[in-house]
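Inside the fold
Single-letter residue listing:
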Amino acid sequence: MRRRQRRSGRVVLLAALLVLSTALVLRTLRATAATGVPAEPPGNPPAPPAAPAPAASGPSYDLHAFYYAWYGSPRFEGRYRHWDHALVPHWDPRVSAGFPRGRHLPPDDIGSSFYPALGPYSSRDPAVLAEHMGQLRAAAIGVLVLSWYPPGQGDDPEELSDSLVPAILDAAHSQAIQVAFHIQPYKGRDDHTVHENIKYIMDKYGSHAAFYKYKTSTGRSLPLFYIYDSYLTPAESWANLLTPSGSHSLRNTAYDAVFIALLVEEGHKHDILSAGYDGMYTYFASNGFSFGSSHQNWKAIKTFCDANNLMFIPSVGPGYIDTSIRPWNNHNTRNRVNGKYYETALQAALTVRPEIVSITSFNEWHEGTQIEKAVPKKTPTRLYLDYLPHQPSMYLELTRRWAEHFSKEKEQWLM
């Protein structure tokens, strides 16, 4: 009798569970039919979107990302800076006549084909700096390479890059990121003025814990400077600064450093060598744009560097599009192909076994080379590109995965 009562109780319980399950299934199906999105199970709130986590091993100091601190907003600068970039005319007036002129009008119309997740921000905003350092750390990037002009020498008379250095160093240090300097061309730049620039930077910032120093094969730790458009100054002038016998040489002084020149044309290799540079980088993210930026040439460049005791730092990028500021330059556009372009560049870089890989860029929005978070955006006059179907953080996540791959590869090279 008891056994039969127990069995009857089980049947009732199973029937109740079946009714409850059916009700839940029907509720889910109704929600899906109404919204096209499966409903969450009762009692469970929607999961937050996944954010890229920092690499377990911390940032990689062999991974350098070019960084721009020239952006401004009304809240911090009283106006938009750089987001309102002018449309650059073509050098041939006949070509230029066929394209629009004028300036962009932020916040809805900015000088970029993509739209930043932070909106048209100010580089001076502490919250923006903190977010940028978090994104760099999440991508396992260990060195921020700051685009730098001497005070009062930038493209804009209000260029902020030097005045922001202390805040950038402090923000970087909070995420164990280090800062190197990318010295930009300015009116009158030559070996004498760069001599003064190096002294200024090292005297003012060299003692900061976030100031990047590269450990050389001889065991010395020296600052590392990238010199953009270095080819604009003759090799013999650079030799005055960068060779031990130069008339105002920095070698074997308190201001000695590792100096990296920009390689554009093939002939620049020999100029860089005779100038006394320590290595070369390629910067441009448009494969095929120049000899240096063409992946197919990296093996030959690395062979030349190895034979002459020079460092080769290939520059990789996620894509390239600058038609928002150079509307006539569509032929240099390189489609991101949902991350495949970036991964192809990273693979090409690792194939030549470099000590350092540079990334163009973290946030050069004008040329569409950014890996910073971007979001979909449509206005009455603009439809911006985006990273869909992926998340805004997709290029940070790709970078982190390749940073881990780079680290493992280097371990194999050294065995």
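Residues numbered from 1 in each chain as written. Predicted model: local features only at pLDDT ≥ 70, side-chain atom pairs only at ≥ 80, totals over all residues. Heavy atoms only, no water.

Under the annotation held in an unreviewed UniProt entry, the protein carries the name MANEL protein and is attributed to Tricholaema leucomelas. The UniProt entry for the protein carries the following text under Subcellular location (unreviewed entry): "Golgi apparatus membrane". (UniProt positions renumbered as here; feature names shortened; annotations may be inferred.)

We now examine the pairing of strand β6 (residues 258-262). Successive residues of a regular strand alternate their side chains across the two faces of the sheet. Counting buried residues in β6 gives five out of five residues, a clear majority hidden from the surface. Taking every second residue as pointing to the same face, both faces of β6 are buried, with Val258, Ile260 and Leu262 on one and Phe259 and Ala261 on the other. Examined bridge by bridge, strand β5 (residues 221-227) and β6 share four bridges and lie parallel to one another. Within the sheet, the bridge partner assigned to phenylalanine 225 lies in β6 and is phenylalanine 259. The handedness of the β5 to β6 crossover, carried by helix α7 (residues 235-242), is right-handed. Sheet topology places β6 next to strand β7 (residues 279-281); three bridges connect them, and they run parallel. Among the inter-strand pairings, alanine 261 is bridged to a residue of β7, identified as methionine 280. (Buried < 20%, exposed > 50% of the residue type's maximum accessible area, 1.4 Å probe, protein only. Helix = DSSP H or I, 4+ residues; strand = E, 2+ residues; numbered from the N terminus. Pairing = 2+ DSSP bridges. Right-handed = clockwise from strand over helix to strand, strands pointing away.)

It is worth spelling out unusual backbone geometry at this point. Proline 106 connects to proline 107 through a cis peptide bond whose omega is 10°. Position of proline 107 among the secondary structure elements: in the loop between α3 (93-96) and α4 (126-138). Along the chain, leucine 388 connects to proline 389 via a cis peptide bond; the corresponding omega equals 10°. Within the secondary structure, proline 389 sits in the loop between β10 (357-359) and α11 (394-414). Unusually for a residue other than glycine, alanine 176 sits at a positive phi of about 60°.

Turning to the packing of helix α10 (residues 340-351) against α11, a few remarks are in order. As a packed pair, α10 and α11 sit with axes 11 Å apart at the nearest point and diverge in direction by 15°. For the element pair α10 / α11, the angle class is roughly parallel. Two packed elements cross with a definite hand, and for α10 against α11 that hand is right-handed. From α10, Tyr342, Glu343, Leu346, Gln347 and Leu350 reach across to α11, where they touch Tyr395, Leu398, Thr399, Trp402, His405, Phe406, Glu409 and Trp413. (Axes fitted to C-alpha atoms, helices over the stretch in contact; angles between N-to-C directions. Parallel < 35°, antiparallel > 145°, perpendicular 65-115°, else oblique. Left-handed = near helix turned anticlockwise from the far one by under 90°. Contact = heavy atoms within 4.5 Å.)

Counting residues in hydrophobic clusters, the biggest one holds 107 residues, and the most contacted among them are Ile168, Phe181 and Phe225. Here this core takes eight residues from α11, the largest share from any one element. Residues contacting isoleucine 168, with those up to four places away along its chain left out, are Tyr67, Ala69, Leu129, Met133, Leu144, Leu146 and Val179. (Core = buried A, V, L, I, M, F, W, Y, C linked by side-chain atoms within 4.5 Å.)

Here we take up the confidence of the model for the protein. In the predicted model, the protein carries a mean pLDDT of 88, and the fraction of residues at 70 or more is 85%. With pLDDT under 50 throughout, residues 1-56 is counted as low confidence; its partners more than four residues away or in other chains account for 26 contacts. (pLDDT = per-residue confidence, 0-100.)

Once that is clear, we can look at α11. Across its 21 residues, α11 extends 31 Å between first and last C-alpha, which sits within 8% of the 30 Å expected from 1.5 Å per residue. Taken together, the buried residues of α11 touch β1 (60-67), α4, β2 (141-148), α10 and β10. (Expected span 1.5 Å × (residues − 1).)

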